[in-house]
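Coordinate analysis (summary)
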Amino acid sequence: MFSLNEILEALTGQQLAEKNRFFSEAVVDSRQAISGSMFVAIAGENTDGHQFIGEAFRRGALAALVQEDTSDKFTTVDLRTEKLPESFPPFPFCLRVDNTVAALQKTAAFHRDRLNLKVIGITGTVGKSTTKELIAEVLSQKYHTLKNTGNLNNEIGLPLTLLRAGKGHQVAVLEMGFYVPGEIKLLCDISKPEIGVITNVGTVHAERAGSIEVIAAGKSELVQALPKDGYAILNYDDPWVRPMAEKTLAHVFYYGLDPKADLWADQIESHGLEGIRFCFHYQNESFFVRIPLIGRHSVHTALRAAAVGKIMGISWEDIFMGLNRGQSQLRMAVMHSEDGAMIIDDTYNASPESVMAALNLLQEMDGYKIAILGEMRELGQYEENGHILVGARAAEVCDELIAVGEKTKKMVSSALKGGMDPQRVKWFATVQETIEYTRQRGFKKGEVVLIKGSRGMQMERIVEAMERII
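A brief structural summary. (Residues numbered from 1 in each chain as written. Predicted model: local features only at pLDDT ≥ 70, side-chain atom pairs only at ≥ 80, totals over all residues. Heavy atoms only, no water.)

Side note on helix H9 (residues 298–311)
With 14 residues, H9 ought to run about 20 Å at 1.5 Å a step, and its terminal C-alpha atoms sit 20 Å apart, in line with that. Of all 14 residues making up H9, 12 are buried, and the element is well covered by its neighbours. (Helix = DSSP H or I, 4+ residues; strand = E, 2+ residues; numbered from the N terminus. Expected span 1.5 Å × (residues − 1). Buried < 20%, exposed > 50% of the residue type's maximum accessible area, 1.4 Å probe, protein only.)

Observations concerning the side chain of Glu447
Position of Glu447 among the secondary structure elements: in strand S22 (residues 447–452). Polar contacts involving the side chain of Glu447 include one to the side chain of Arg441, which spans 3.0 Å. Within the structure, the side chain of Glu447 is placed 3.0 Å from the backbone nitrogen of Lys444, a separation counted as a polar contact. Non-local contacts of Glu447, meaning those with residues more than four positions away in its chain, are made with Ala341, Met342, Tyr368, Ile370, Arg441 and Gly442. (Polar contact = N/O pair within 3.5 Å; in protein donor to acceptor, adjacent residues only side chain to side chain. Contact = heavy atoms within 4.5 Å.)

Quick notes on the sheet that holds strand S17 (residues 333–336)
What the six strands build is an open sheet, ordered S17-S18-S22-S19-S20-S21; its pairing is mixed. Two strands in the sheet have a free side with no partner beyond their single neighbour: S17 and strand S21 (425–428). Mean inter-strand twist for the sheet, computed between neighbouring axes without regard to direction, equals 15 degrees. Judged from the four bridges that link them, strand S18 (residues 342–345) and S22 form a sheet pairing that is parallel. Note that in S22 the partner of Ile343 across the bridge is Val449. Along the sheet face, helix H13 (residues 409–417) touches strand S19 (368–374), strand S20 (400–404) and S21 and points at about 170 degrees away from the line of S21. (Pairing = 2+ DSSP bridges. Axes fitted to C-alpha atoms, helices over the stretch in contact; angles between N-to-C directions.)

Observations regarding the packing of aromatic side chains
All chains considered together, the criterion is met by 15 aromatic pairs. With 5.0 Å between their ring centres and 85 degrees between their planes, Tyr236 and Tyr254 make a pair best called edge-to-face. Placement of the pair is Tyr236 in the loop between strand S12 (231–235) and strand S13 (251–256) and Tyr254 in strand S13, with a sequence separation of 18 residues. When its relative accessible area of 13% is taken as the criterion, Tyr236 is described as buried. For Tyr254, a relative accessible area of 17% translates into the label buried. (Phe/Tyr/Trp six-rings, centres within 6.5 Å; stacked < 30°, edge-to-face > 60°.)

In structure tokens:
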């Protein structure tokens, strides 16, 4: 919850003399507007939010932040003037600024400064969302915790999340996305994190960011923003993350599978969809735990959440309780066909790192293993090598490979070089062709099918078609 006075003071340095007014939340999608909210009209590449102000008001929004002249349709107060009016009109009305995104960010930063809030920032190539969810579960055992939902992890989504924070919140767990250098610094300027968690550094978004060196530098903006009394929680096992200790003034806390880390794990056992079991080691303490996360790679996720918990003064008992509450494997769904085949839907997105993790999970499953893999996009100079690496791993794991998209030809060649039977490797140019093949082939009991690809491939269409036909 935030107030009209906060908006005015953040953007103009002035306050209302009259009674203050409050908003429940801020939204950029008019369909999400509710009673008491504020609508932020953003002029995007495809849609201009100014066209939906009326709809937002009809749904209950009390005000709209705008950067275009709306005075011919709606009551508008211009915040670009030197002096505010002595009294404001009744709701609903528009507040005009130069740039709505910048105004949203300034308001969120101002609001955050007025709260006694401990902020944990999370970034990395793979595992941000699952890490965010698990950290929030652990911290919720002791603190009233806020987290960003869905994909609200960018220059618009993070401010929207902060404006949901109220005086009752003690902690905010904020995922921070990265596309170009300077983006995470901006998010840190707005949210002022005291604890920063880096999951790993990989090649996704290299097309926009450049090289992996540039990506690592961009991720390190989080630890550079931390205060001296803060904590940088770093992946000791990642050669790009470990050296970030040299770039922060904060205390460094390492996690990983190496005994040199502050918090480390060994004796890892995967029980497929039943979860994982392993041993935590911290100082002179060791604990065996079993948690409902899927795949060996999830051990790192659990270590991150436990590290934040220890730093925040949470007992081991409550940490383990939080870890066991993290039962939702984000963006991954498991279903069965009518004929008994197991379908693992991991179609949200794909990078070499995340596909490798998914293939590792597939390897741990019992049955005849099939991978339906689409293109991995935005890899830039790492595109060819990324597909080659995945193809080689598929040859080690899969009984059958179905590749989709022009860029996966390198994946197919690599799988064949790795020894896969050519009769069990299929390539299709489009998702539609793949759907037609799956209809002909069918899937039966004893088969495990992994489906994964970059978001732009729309691999979820294959899942939908398989749900209908098998």
